[in-house]
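So you can see what is in the structure, the chains are spelled out below.
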Amino acid sequence: FSHRSLNPRNPMALTALLSVSDKTGIVDFARYLSEQNVEIISTGGTGFTGRDVTPEAMEPLFEKKMDGFSEVFHRISYDKIGTSTIQSRATGGVAGATYIFVLPGSPGACKDAWDGILKWQLDYRHMPCNFVEIMPRLDEHLKRGKLQEA
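Below, the structure is looked at part by part. All figures in this text were calculated on a predicted structure; none of them were measured in a lab.

About the thresholds
- Residues numbered from 1 in each chain as written.
- Predicted model: local features only at pLDDT ≥ 70, side-chain atom pairs only at ≥ 80, totals over all residues.
- Heavy atoms only, no water.
- Helix = DSSP H or I, 4+ residues; strand = E, 2+ residues; numbered from the N terminus.
- Buried < 20%, exposed > 50% of the residue type's maximum accessible area, 1.4 Å probe, protein only.
- Contact = heavy atoms within 4.5 Å.
- Areas by Shrake-Rupley, 256 points an atom, 1.4 Å probe, with all protein chains shown as cover.
- Phe/Tyr/Trp six-rings, centres within 6.5 Å; stacked < 30°, edge-to-face > 60°.
- Salt bridge = Lys/Arg side-chain N within 4 Å of Asp/Glu carboxyl O.

1. Quick word on the overall build of the protein chain
Step number 1: A count of helical and extended segments in the protein chain gives six helices and six strands.
Step number 2: The proportion of buried residues among the 150 residues of the protein chain is 45%.
Step number 3: The contacts in the protein chain between residues at least 6 apart in sequence include a share of 64% that link residues at least 24 apart.
Step number 4: For the protein chain, the exposed area adds up to about 8600 Å²; of that, 57% sits on carbon and sulfur atoms.

Put into C-alpha cells, the structure is as follows:
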C-alpha cells in the first residue's frame, strides 16, 4: 500500500505501509524502500512474543532514533488503554532521508498513531513545525560525508 505524500511541493513522495510477522527479508526490503526515499509505516510485531520482531528488524536501519515518537504514542495510547500501552514497543527513526515508523498491529493503535501524530506531522501545513518541512535536510549528514571523502 502506498499513497502520495501530503506535501504538494513534493507530489512524488510515497509512503509504504508494511505488515510483518517475521523479519526474514524485511530488513532488505525496508533498506530498499529507504534508498528509494519511501517513507515507511510498519504495523504489527511490536509486542513481546516470539513472532514480535519488527523493532529488531527496523531499528538497525535507523541512523537517528525518534524517541519522541514512542513517548507521544504511549501518551496517546495510555488515554485509551491505560497501562496496557507498555506492551507495545512502537518506535520511529530516520534512515538516510526516510522516516520509518513501527506501529502495533491493532487497528486501534494504528488509528491512534495516525490520528494523534502522523496525520499532523506528515502535513506540511501543521504548525509550528512538521516532518515535511525538514525532509529536504534529512540526508545532510550523508552529503557532508561524501564531500569530506572527495
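2. Details of the packing of aromatic side chains
Step number 1: Taken as a whole, this structure holds four aromatic pairs when the rule is applied.
Step number 2: Here the aromatic residues Phe69, Tyr99, Phe101 and Phe131 are joined through ring pairs into a cluster of three or more.

3. Some details on the pattern of salt bridges
Any two side chains of opposite charge can pair if their charged atoms end up close together.
Step number 1: In this structure the tally under the stated criterion is six salt bridges.
Step number 2: Taking the shortest distance from any N to any O, the salt bridge between lysine 80 and aspartate 112 comes out at 2.8 Å. With lysine 80 in helix H3 (residues 67–81) and aspartate 112 in helix H4 (residues 107–121), this residue pair connects regions lying 32 residues apart in the sequence.
Step number 3: Residue lysine 80 is classed as exposed on the basis of its relative accessible area, which comes to 57%.
Step number 4: The salt bridge partner of aspartate 115 is lysine 111, with a shortest N-O separation of 2.4 Å. Pair noted here: aspartate 115 and lysine 111 are both in helix H4, with a separation of four residues, about one helical turn.
Step number 5: Lysine 111 gets classed as exposed once you look at its relative accessible area, which sits at 51%.

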